[in-house]
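An overview of the molecular structure
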Amino acid sequence: MLDFERFRRATNYLNAAQIFLQDNFLLERPLTFEDVKPRLLGHWGSGPGVNLIYAHLNKLIQKTGQEMMFVLGPGHAFPALQANLFLEGSLEKFYPKATHTADGIAYICKNFSWPYGFPSHSNPGTPGVILEGGELGYSLSTSYGAVLDNRNLIVACLVGDGEAETGPAAGAWHLNKLIDPKTNGTVLPILHLNGYKISAPTVFGRMSDDELKSLFWGYGYEPRLVSGDNLDEQLEEALDWAHKLIWSIKESSDEIVSPRMPMIIMRSLKGWTGVKELNGDKIEGNCLSHQLVLTNAKSDPKQLQMLEDWLKSYKFEELFNREKGFGDFVEKVLPPADQRMGMNKHARGGEAVYKPLILPSAEQFAEDASKPGTIGSSSMRRVGLYLKEVFELNKDSRNFRFMSPDETYSNKLDEIFKAASRAWVWPHKDWDKDMTTDGRVMEMLSEHNMQGLVQGYALTGRHSMFASYEAFLTIVSSMVDQYGKFLKHMNEYDWHGDFPSLNYILTSSGWRQDHNGFSHQNPGFIDDTLRRQGDYGNVYFPADGNTTLVVLEKMLSSTRNINVMVAGKTLEPRWLTTELAKKQFDECIMTWEFASDPNPDVVLVGIGDYPTKEALAAISLAKKEYPEARLRFVNVSSLTSGRHSHGIGRRGEYVAEKEFDRNFTTDKPVIITFHGYPETIKSIFFNYNVDTTRFDVRGYIEHGSTTTPFDMQVRNLTSRYHLLIAIFEKLAAGGHIPKEKAQDIIIKYQKKITENTEYAKIHGADMTEINSWTWNGEGIAPDIAKMADSVIDA
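To start, this report covers the structure provided alongside it. Source: prediction; values computed, not measured.

Reading guide: rules and limits
- Residues numbered from 1 in each chain as written.
- Predicted model: local features only at pLDDT ≥ 70, side-chain atom pairs only at ≥ 80, totals over all residues.
- Heavy atoms only, no water.
- Helix = DSSP H or I, 4+ residues; strand = E, 2+ residues; numbered from the N terminus.
- Rg over C-alpha atoms; globule rule 2.2 N^0.38 Å.
- Contact = heavy atoms within 4.5 Å.
- Areas by Shrake-Rupley, 256 points an atom, 1.4 Å probe, with all protein chains shown as cover.
- Expected span 1.5 Å × (residues − 1).
- Buried < 20%, exposed > 50% of the residue type's maximum accessible area, 1.4 Å probe, protein only.
- Polar contact = N/O pair within 3.5 Å; in protein donor to acceptor, adjacent residues only side chain to side chain.
- Pairing = 2+ DSSP bridges.
- Axes fitted to C-alpha atoms, helices over the stretch in contact; angles between N-to-C directions.
- Core = buried A, V, L, I, M, F, W, Y, C linked by side-chain atoms within 4.5 Å.
- Salt bridge = Lys/Arg side-chain N within 4 Å of Asp/Glu carboxyl O.
- Phe/Tyr/Trp six-rings, centres within 6.5 Å; stacked < 30°, edge-to-face > 60°.
- Lys NZ or Arg CZ within 6 Å of the ring centre and 35° of its normal.

**Observations concerning the overall build of the chain**
Along its length, the chain carries 25 helices and 27 strands. Relative to the 2.2 N^0.38 estimate, which gives 28 Å for 794 residues, the radius of gyration of the chain is 30 Å and therefore close to what a compact globule would have. When the backbone C-alpha atoms are referred to their principal axes, the chain occupies close to 95 × 65 × 45 Å. Across the chain, every contact between residues at least 6 apart in sequence was considered, and the portion connecting residues at least 24 apart equals 77%. With the model as given, the accessible surface of the chain reaches about 29100 Å², and the carbon-plus-sulfur share is 49%.

Right under this line is the structure:
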């Protein structure tokens, strides 16, 4: 155990030195105030426990050759992780100055938590890292995502006892019930109990050993406790036991129901081996060791001396000297260089782990839209058919999964169950449907844990689709924000290869949550995606099933992005052929000629499937009321985040000003109806050089309840009747229709709004004319079809 003891002394010293020192890194002279950093930033308390665990994991790899990744839940323990990556030599592979020399030690210590140096938390610039760990709660779910379809991989996931109190972490323990250990890799959870958060005890830290073992036994694990004296011996024995148990289950020829995989509960003192007491307060083994401990070491002679005594207690001079470097204890603990956790290929993307999907063409599942307005297209039914084929085409590669919080059936995506099933390794009942031990559809009623799975799966090179009710993906907005930061930072390091995008389907949208009511009406995830400053956030608004297929194909073939598709599940009109849908996707903004006049007096814009239908219905009614009206319909199908703002376009590339003006004109009134909040579109459109007074922007304005579908549009002033009224107000203001005529039409449709509202109150449904406007006896919207004839015939 002497080698472990020396290894830990070295990493503990480097851990503390990174936090405090800007010079005199080997303590070759008495410590002075000038040696201490001017701004002390970093966390000490969890570090010694991390150092203990990491050293023993390396020894386990050395003994067994096990392929292993390390996921650090409390990302603030980064100086410990970096000390280990430095000592194992992985850091030098990516930072050539991080050599096992005095200069190398100076490099990592001086640059830790230093402007333009190393950050204070785990980050994409850290070899082997797939989780930042600043916002706590996601280590376990991310780890489970990483082991999916990586049968030989073990991810050692260190869960802090503060992190374990978070809701996402509490739910993530149950992901073991979805992961077949025989066909997937294994997560080895290590619950690190040092007893304290920033300023208070942790819940798990104050539970008894029996309570903890009972809890995790009930969660379906085989727990092993490591605590007290002789932690090195205990931990080595526990890891050997865990490794043997994992592989005995994986290699068993018997069918094992509810397999109990191992987990380790390790108790160690917070701030172990550091300052024991300060000004009469207990430090080691208390919350006061969480962060810096000696906050005034830069100016207080007493604290400076305590810092020197603390650092000297590790006897670093016995472990390293300028001429010979580190002693042979390092190599005795470490596995071969290519097996070290910082060098694990799964954390870097690229050809070693990333393989593009084999994708069917959108045309294979497209519907006939040669006559625009034909009813019968459900975007989600199209998606289900398409994803079924994706599962089949990539069956052998095992690199595609579908995630959903128990909504696959509800969202009309159940066609995928003809090619895949839901994963479930706990007991099955005879009446269960579409469930197998090795299923590829991951369902748990926890958006947080589905998000963690997709992140871990994508960052290790594999593809997925996460579908959910639109209103409830906002639950993971903060997680997606953290992932976006990870992506943005990752672009600074060219050693990260390609990996698939995160792909979301937002369906069961608020416009058709008339049955579930106000709580289910929330398009906020759109804003959460777009407001990020980076060229990786894309939100797509396909207007029909064919466009949805085109978008889906593009999303699944993209890399390093966050893609969001917003599409409904109800039967709606078909508007575009696949050829036109591809043009719409490529251009992001397109005038639909079949619904437009040359030289329009008013421009209508639809962004989203339900808004597009209402806008086209308004045009249809307006042409019926006043055939001389000159109208144009423009569809916007994608919005994107960018380096400085957000706009119309995709992958951070905006539609040019010239193209914007060509579609929206430079002087005509524009009525926009948008799937989400109006302010989102205002912030986009008004980035262009436009007269904002000519834009009438409408969308969801938080008026909702359990009501009828059309009443949702009425309440939010986006109904075809409201749009028609706006059309004639603008035509009259521009002198394009006699004011008396316009007023008559406006009054007529104001009455229709009232009539439908009263009808809904009495009958609980919309008036027949609302639901039947889109087709005549041939199933074609007559007015729009008339405008389309010349285009189609040509």
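**Quick word on helix α13 (residues 447-459)**
Its 13 residues place the ends of α13 18 Å apart at the C-alpha level, agreeing with the 18 Å of an ideal helix rising 1.5 Å per residue. Across the 13 residues that make up α13, a large majority, 12, are buried. Of all the residues in α13, the buried ones are E447, N449, M450, Q451, G452, L453, V454, Q455, G456, Y457, A458 and L459.

**What to know about the side chain of S90**
Summarising the element assignment, S90 is placed in helix α4 (residues 90-94). A relative accessible area of 1% means that S90 is categorised as buried. Separated by 2.5 Å, the side chains of S90 and E88 make a polar contact. In this view, S90 contacts L85, P127, R340, G342 and M343; residues no more than four positions away in its chain are not counted.

**A few points about the sheet that holds strand β27 (residues 695-698)**
The mixed open sheet is built from five strands, whose spatial order is β20-β22-β21-β26-β27. The open sheet has two free edges, formed respectively by β20 (589-591) and β27, since each of these has just one partner strand. Neighbouring strand axes in the sheet, compared pairwise and without regard to direction, differ in orientation by 20° on average. Sheet analysis places β20 next to strand β22 (residues 631-636), joined by three bridges and oriented antiparallel. Pairing of I589 across the sheet is with V636, part of β22. Running over the sheet, helix α19 (residues 657-664) touches β20, β21 (602-607), β22, β26 (670-674) and β27 and is turned about 140° from β22.

**A closer look at unusual backbone geometry**
Positive phi values are uncommon outside glycine, yet S258 reaches one of about 55°. In this fold, S258 is placed in the loop between α9 (231-250) and β5 (261-267). Phi is positive for T665, which is not a glycine, with a value near 65°. In this fold, T665 is placed in the loop between α19 and β26. Classification of T665 by relative accessible area gives buried; the value is 12%.

**Considerations on the sheet that holds strand β1 (residues 67-72)**
Reading across from one edge, β1-β2-β3-β5-β4 is the order of the five strands in this open sheet, with parallel pairing throughout. Looking along the sheet, the strands with just one partner apiece sit at the ends: β1 and β4 (221-226). If you compare each strand with its neighbour and ignore which way they point, the axes differ by 20° on average. The pairing of strand β2 (residues 153-160) with strand β3 (residues 186-193) spans seven bridges and is parallel. If you follow A156 over to β3, its bridge partner there is L188. Across the sheet, helix α2 (residues 47-64) touches β1, β2, β3 and β5, and the angle it forms with β1 is around 170°. The sheet strands contacting helix α8 (residues 209-218) are β3, β4 and β5, and the helix crosses β4 at an angle near 155°.

**Here we look at the nonpolar core**
Core analysis: the largest hydrophobic core is formed by 178 residues, its most contacted members being F70, I648, F664 and F685. The biggest single contributor to this core is helix α1 (residues 2-20), with nine residues. Not counting residues within four places of it along the chain, the set of residues in contact with F685 comprises I607, V636, I648, F660, F664, I672, V690 and F695.

**Some points on the pattern of salt bridges**
Under the counting rule described, the total for this entry stands at 39 salt bridges. E367 is the salt-bridge partner of R574, the closest N and O atoms lying 3.7 Å from each other. You can see R574 sitting in strand β19 (residues 572-574) and its partner E367 sitting in the loop between α11 (329-333) and β10 (374-377), a full 207 residues away along the chain. The partner of E758 in a salt bridge is K761, with the nearest N and O atoms 3.4 Å apart.

**Description of the packing of aromatic side chains**
Per the stated rule, a full pass over the model turns up 34 aromatic pairs. Taken together, a centroid distance of 5.7 Å and an interplanar angle of 90° make the contact between F216 and Y219 edge-to-face. Judged by its relative accessible area of 0%, F216 is buried. Taking 5.9 Å as the distance between ring centres and 20° as the angle between the ring planes, the aromatic pair formed by F316 and F320 counts as stacked. Its relative accessible area of 4% is what places F316 among the buried residues. Grouping aromatic residues by their ring pairs yields a cluster made of Y13, F86, F316, F320 and F326. Over the face of the ring belonging to W241 we find R224, whose NZ or CZ atom lies 5.0 Å from the ring centre. The aromatic ring of W247 is capped on one face by K250, whose charged end is 5.4 Å from the ring centroid.

**Some remarks on the environment of L631**
With respect to the helices and strands, the residue L631 is situated in strand β22. The buried category is assigned to L631, whose relative accessible area is 0%. It is 8.8 Å that separates the C-alpha atoms of L631 and I727, two residues lying 96 residues apart in sequence.

**What to know about the side chain of N563**
When you line up the elements, N563 lands in strand β18 (residues 562-566). Its relative accessible area of 2% is what places N563 among the buried residues. Polar side-chain contacts of N563 include one of 3.0 Å to the side chain of N503. If near-sequence neighbours (up to four positions away) are discounted, N563 is found in contact with S501, L502, N503, Y504, N538, Y540, M555 and S558.

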